[in-house]
Amino acid sequence: MHPSRPAPTRLDLLGAMLRIRAYEEKIVAFHERGPFPHVCTSVGQEATAVGVVSALHPDDQILTNHRSAGHLLARGADPGRLLAEVMGRSTGYCKGRSGTLHISAKELGVILTSTIVGGELSLAPGVALSRSLLGGEGIVVCFFGDGAACEGIFHESLNLASVWNLPVLYVCENNQWQAFVHRKETMVGDHIAPWAASYGMDSLTVDGNDAEAVLEAATRAAAQVRATRRPFLLEAWTYRQRGHMEPHDQSYVDPAEIQAWLAKDPIARLEDRLLASGELTRESLEALRAEARAAMEAAADFATASPYPDPSELTAGVYA
Amino acid sequence: MSLMTAHEALDQAVAEEMQRDARVLMFGEGVATKRKHLLDAFGPQRVRNTPLAEGIIAGTAAGAAATGLRPVVDLLFAPFLCFAMDEIVNSAGKLRYMSGGQFSFPMVVVTMTGGGWTVGAQHNHNLEAWFVHSPGLKVVMPSTPEDFKGLMKAAIRDENPVLFFMDMALAFVPGEVPEGEVFVPLGQAAIRREGTEVTLISYAKTVHTCLAAAETLAEQGISAEVIDLRTLKPLDEATILASVRKTGRAVVVHEASRLCGVGAEVTALLSEQAFDALKAPVVRLTGPDAPAPSSYPLEQAFTPQAEAIVQAAAQLVARSPEVAPIW
Ligand SMILES: Cc1ncc(C[n+]2csc(CCOP(=O)(O)OP(=O)(O)O)c2C)c(N)n1
């Protein structure tokens, strides 16, 4: 038996999303004060991160892309060490060598954040091959965007994972944008999920702004990967609420599109549901938000107080 | 001793390492078909054919290496490395450092290069310097079957990604390989012939050209030392420097083109660290800045030949003052 966690409650899901949002808001605040490293935030995509990661077991492994903070935090990353890494401090997950764009956290099973769009897709079959050959029941989750899905390596990755029966749960966060280009300009059709059929792979599209729906879909998908040791493609239909990177700029986006998606904000949706059901009150919600913000204040204090790496270590660790 | 080709030696090394360590596996286009004895010995889990997709082959190797396996991948011909550059250079080469040392990438990428098979520029491109220039990678390019075996074993056991270039002209030339364990540590050059007046520095097939040139030079009364670099990264600077400090002259020979090639690095090393010992400028004999031609005579013209090495070495010896000035 592999270890598993109890299924998260709706309040757990909300709490995790609030923490991610508070983290990104802290990043934005740092930017407004500037200077601060460029960061790609995942505001608006919290339900995907929390829904998918909550469906995982501790021995599952994760590869992700440049918008990885939500995935890492949902996996239990310490926000202080995460921020410290973004700020290039030696207390960061990668000793300040990664910065925001390539964070790994082996202790959390996070193998890679790739800022080469598609890099995560290229490594995922190999990580899953290790799982197959070295034993263990864990599966490998690979997060990527609709932009990455338009690359050749996406097709190479799905094809090989299918031909070799590798336990990879591919999760496409279709957030409508590929940096400064709308997906409509670069791909045929709206969805990535149907492409999986060409590789003999099952797939599912889920409302990526509904944390409960994502959790349910991801739990089913992950269970199928666990049982069959075969890959599966889950597409989460969601939206990047901020510009491609900080500082925020969405001047090139149709304001009507932004408004329509803001109305489907994943956090507000779950809050409304919980308020309606009586699981939350206005006060308890405010307390949750305050708790998330306080955690990020503490994280920011930790990161800001952390030392930079010593320049004498510049070339340490290039080779094993 | 037994006589075998570089191709067979490489195979033997992989088989022995797979025997020794269950984490070693090999995959690539046609690997399980062409190396059927490996498939028979180790089964389809550890010896695999892949699609014609170098990016995912290299990426899968990197992902597997990061998480506990020790893959050897065959990417066939060096120009195909262009499809695998991201995975080799950006992932395998960089992620150890970027992760603050959390992951290692013990993997070997085997690839063929060099003139001799008249396959032309899309199958023959001496790209080794690209990878020497990339942090986190190691690069080997052997010249004898014994070294193919010994360096492959060292490459498989190394914790870092190693690019293993096979000069095609050497693939099926037999040579002596000792019985029992053959292991050649990465980063150690070999002195193939001792000499006192000029050092010929090379790797892969042109080592043999240098040895032929050294014979001719000996007939002319010139004593040439021949160094086989074997590993291009890490480069055995000590052996190069010691030899040239002794001889005072150097000819660096390789088939890859000159600009920013390995020869440029060796020459710079000598000017930085052995300047006082030099009796004459360092000479480079390399391939031209042109795609590799297919036609046999053009391929030969592309590759440094022994006569040119003899001529360069003889000129270096002739021009240099053997006796110190008397003023
Ligand atoms: C190979 C590569 N090409 C281009 C870029 C520049 N770039 C960074 S993010 C991005 C957009 C990626 O879009 P998508 O995969 O949909 O992910 P999203 O940013 O929407 O989460 C681009 C083009 C890159 N980092 N890597």
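Structure shown above.
Report follows, based on the coordinates. (Residues numbered from 1 in each chain as written. Chains lettered and ligands numbered in written order. Predicted model: local features only at pLDDT ≥ 70, side-chain atom pairs only at ≥ 80, totals over all residues. Heavy atoms only, no water.)

**Some words on the interface of chain A and chain B**
Inference 1: Residue-level contacts link 38 residues of chain A with 41 residues of chain B.
Inference 2: Roughly 3200 Å² of surface becomes buried between chain A and chain B when both sides are summed, with 66% attributable to carbon and sulfur atoms.
Inference 3: Connecting chain A to chain B are 0 salt bridges.
Inference 4: Applying the counting rule to chain A against chain B returns 16 residue pairs in polar contact (both at pLDDT 80 or more).
Inference 5: Sorting the residues of the side of chain A that touches chain B by element identifies strand 2 (110–114), helix 5 (119–134) and helix 7 (152–163) of chain A as the ones contributing at least two each.
Inference 6: When residues in the side of chain A that touches chain B are grouped by element, the largest group, 11 residues, is from helix 5 of chain A. (Contact = heavy atoms within 4.5 Å. Buried area = accessible area lost by both parts, 1.4 Å probe. Salt bridge = Lys/Arg side-chain N within 4 Å of Asp/Glu carboxyl O. Polar contact = N/O pair within 3.5 Å; in protein donor to acceptor, adjacent residues only side chain to side chain. Helix = DSSP H or I, 4+ residues; strand = E, 2+ residues; numbered from the N terminus.)

**Things to note about the packing of helix 4 (residues 79–86) of chain A against helix 11 (residues 282–305) of chain A**
Residues and elements named next belong to chain A.
Inference 1: Remark: helix 4 packs on helix 11, axes separated minimally by 8 Å, with the N-to-C direction vectors making an angle of 45°. When the axes of helix 4 and helix 11 are compared, the pair comes out oblique. For helix 4 against helix 11, the interelement crossing comes out right-handed. On the side of helix 4, the interface is formed by Pro79, Gly80, Arg81, Leu83 and Ala84, while helix 11 contributes Met296, Ala299, Ala300, Phe302 and Ala303. (Axes fitted to C-alpha atoms, helices over the stretch in contact; angles between N-to-C directions. Parallel < 35°, antiparallel > 145°, perpendicular 65-115°, else oblique. Left-handed = near helix turned anticlockwise from the far one by under 90°.)

**Describing the pairing of strand 13 (residues 250–257) of chain B**
All names here are of chain B.
Inference 1: The element strand 13 is extensively covered by neighbouring structure, given that 7 of its 8 residues are classed as buried.
Inference 2: Sheet topology note: the strand 10 (residues 198–202)/strand 13 ladder contains 4 bridges and is parallel. Across the sheet, the residue bridging to leucine 200 is valine 251, located in strand 13.
Inference 3: Bridge count for strand 13 against strand 14 (residues 283–287) is 4 bridges, and the pairing is parallel. (Buried < 20%, exposed > 50% of the residue type's maximum accessible area, 1.4 Å probe, protein only. Pairing = 2+ DSSP bridges.)

**Some words on a nonpolar patch on the surface**
Residues and elements named next belong to chain B.
Inference 1: A surface patch of nonpolar side chains, amounting to about 260 Å² of accessible area, comprises Trp117, Val119 and Phe172.
Inference 2: Following the sequence through the fold, valine 119 ends up in the loop between strand 5 (108–113) and helix 7 (128–132).
Inference 3: On the basis of relative accessible area, valine 119 is assigned to the partly exposed category, the value being 30%. (Patch = residues over 30% accessible without salt bridge, like charges linked within 9 Å, V, L, I, M, F, W, Y side chains within 5 Å. Areas by Shrake-Rupley, 256 points an atom, 1.4 Å probe, with all protein chains shown as cover.)

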